Amino acid sequence: MGLRLKIEGNESIQLDETIVTGVKYGADIPKDSNARSTDLGSTIQITGKILAAVGGEAADDTMKMAKWALVPAENADCYRKLTIDVVSASQVVRQVTLPNAFVIGYEEDFADESGVGTFTLLVKQKKDKMAGLAFEGGFAGE
Amino acid sequence: MGFRLKIEGGAAIELKEQSITSVRFRTDIPQDSNARSTDLGSTVEITGKILTAVDGEPFDATKEIGKWALVPAEKADCYRKVTIEVIAASQEVRKYTYPNAFVVDYREDYGDVEGVGTFRLVIKQKKDKMANIAVEGGYAV
C-alpha cells in the first residue's frame, strides 16, 4: 500500500510512498448529540520519515512542512490544498482532498540510533469549508 | 544521525554528537480550533548524556544548562539563542534556530550502574517572538 501526500499553496510539497508511512483519517462529530449534528469537522494525521539525501539527490520536502506549521494565521498561506492518495495494486483506494487545510500539530523526532527522523503532521479542514472536502476512490491508477 | 546544540547568551554552551541522543521538535497549536489559530507555540525537547571528563579534558557544558534552567525571569539572560543541527550522511537535514528560547523543564538522572548521567532539556520560543524561528536544512555540510 503506497501513500502519497501533496500540499499546494505558495509552494508545492510532494511526499511519496518512500516517505509517508501512515495516514489516519477521521471525522470530528459530537458524540453526545441526539440527532445529526451540524457541527462537522475532519482531521487527518500523517506520519512519515525524514530522509537524509544521499548521492547528490535533492533533500525531501519535509522541511517545507515544518515551515508551513509556523505560518501565522494572518497569512493566507496558512491554508493550503492537501491531497492524500492511497494506492494499492494499481487501484486508487482513496483520494482525499482538503482544499483549505491548516496545521494543528507538527512534530519531528530524531534519535542518534536511527538513520532517519520521523514526523507527525496533524491537519484539519477549515470548518466553514467542510463542503469542499472531496472523498473519492475506487478507480484505477498508479 | 548526529546532533549539535549551541546555546548563546550567558555562558557559551556547545554539545556535540557524543552527548546528544535525541531531539524532538513540536508545535503547540490548539487542536480544537475551527480555523487557523493565532495561538502558536513551539517546543523542543533534547535528551543526552552527561559525560565525565577523562585524561584531563575539559568538562562538558551540561552544567551550564543546569545553571541556565535556574536563571530567574527578571534577568534578560533567561532568554538565549539556541541552534540545533541534525546531520546525517554529510547533509544538514535540519537547522533550527530559536533566537529567544527559555527553559520550561530541565532534568538530570544518575544511577549507580551507568557510567554516564542523562539529561532532558525542554525549551520554548518566547511566544510573541514566534516569527523569528528559522528552519533551514537540505544542504551539504
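Keep in mind that this is a model prediction, so the values were computed, not measured. (Residues numbered from 1 in each chain as written. Chains lettered and ligands numbered in written order. Predicted model: local features only at pLDDT ≥ 70, side-chain atom pairs only at ≥ 80, totals over all residues. Heavy atoms only, no water.)

### Re the interface of chain A and chain B
And then number 1: Listed per partner, the contact involves 37 residues of chain A and 34 residues of chain B.
And then number 2: Both sides together, the interface formed by chain A and chain B hides about 2,900 Å², and carbon and sulfur atoms give 56% of it.
And then number 3: Of all residues in chain A, Leu70, Phe110 and Asp112 of chain A bury the most surface against chain B, accounting for 23% of the area lost on that side.
And then number 4: Put simply, chain A and chain B have 3 salt bridges between them.
And then number 5: Every element with two or more residues in the side of chain A that touches chain B is listed here: helix 1 (62-68), strand 6 (91-111) and strand 7 (117-125) of chain A.
And then number 6: Counting residues per element, the side of chain A that touches chain B draws most heavily on strand 6 of chain A, at 10 residues.
And then number 7: Residues of the side of chain A that touches chain B, tallied by class, amount to 22 nonpolar, 6 polar and 9 charged.
And then number 8: Pairing analysis gives 5 bridges linking strand 6 of chain A to strand 3 (residues 20-28) of chain B, with the strands arranged antiparallel. Paired with Phe110 of chain A across the two strands is Val23 of chain B, which belongs to strand 3 of chain B. (Contact = heavy atoms within 4.5 Å. Buried area = accessible area lost by both parts, 1.4 Å probe. Salt bridge = Lys/Arg side-chain N within 4 Å of Asp/Glu carboxyl O. Helix = DSSP H or I, 4+ residues; strand = E, 2+ residues; numbered from the N terminus. Nonpolar A, V, L, I, M, F, W, Y, C, P; charged D, E, K, R; others polar. Pairing = 2+ DSSP bridges.)

### Side note on the pairing of strand 5 (residues 80-88) of chain A
Residue and element names in this part refer to chain A.
And then number 1: Buried residues dominate strand 5, accounting for 7 of its 9 residues.
And then number 2: Relative to strand 5, strand 1 (residues 2-8) runs antiparallel, the two sharing 7 bridges. Residue pairing for strand 5: Leu5 is matched across the bridge by Ile84.
And then number 3: When strand 5 meets strand 6, the two strands line up antiparallel, connected through 8 bridges. Looking at the pairing, Ser88 lines up with Gln91 of strand 6.
And then number 4: Between the end of strand 5 and the start of strand 6, which pair antiparallel, lie 2 residues, with Ala89 showing a positive phi angle near 50 degrees. (Buried < 20%, exposed > 50% of the residue type's maximum accessible area, 1.4 Å probe, protein only.)

### Here we look at the layout of surface pockets
And then number 1: Size it by volume and the largest pocket reaches roughly 260 Å³.
And then number 2: Taken together, 15 residues form the lining of the largest pocket, with Leu70 and Pro72 of chain A together with Leu40, Met130 and Ala131 of chain B sitting closest to its centre.
And then number 3: Residue composition of the lining of the largest pocket, by class: 8 nonpolar, 1 polar and 6 charged. (1 Å grid on protein atoms, 1.4 Å probe; cavity = no way out; pocket = protein on both sides within 12 Å on 5 of 7 lines; lining within 4 Å. Points joined across faces, edges and corners; volume = space filled by probe spheres on them.)

### Thoughts on the pattern of salt bridges
And then number 1: Within the structure shown, the criterion is met by 19 salt bridges over all chains.
And then number 2: Between Asp61 of chain A and Lys64 of chain A there is a salt bridge, and its shortest N-O distance comes to 3.5 Å.
And then number 3: When the shortest N-O distance is used, the salt bridge between Arg4 of chain B and Glu17 of chain B registers 3.1 Å. Here Arg4 of chain B is found in strand 1 (residues 2-8), whereas its partner Glu17 of chain B is found in the loop between strand 2 (13-15) and strand 3, with 13 residues between them in sequence.
And then number 4: Each of Glu45, Asp105, Arg107 and Arg120 of chain B takes part in a single network of salt bridges with overlapping partners.

The quantities given are spatial measurements derived from coordinates; they are silent on function.
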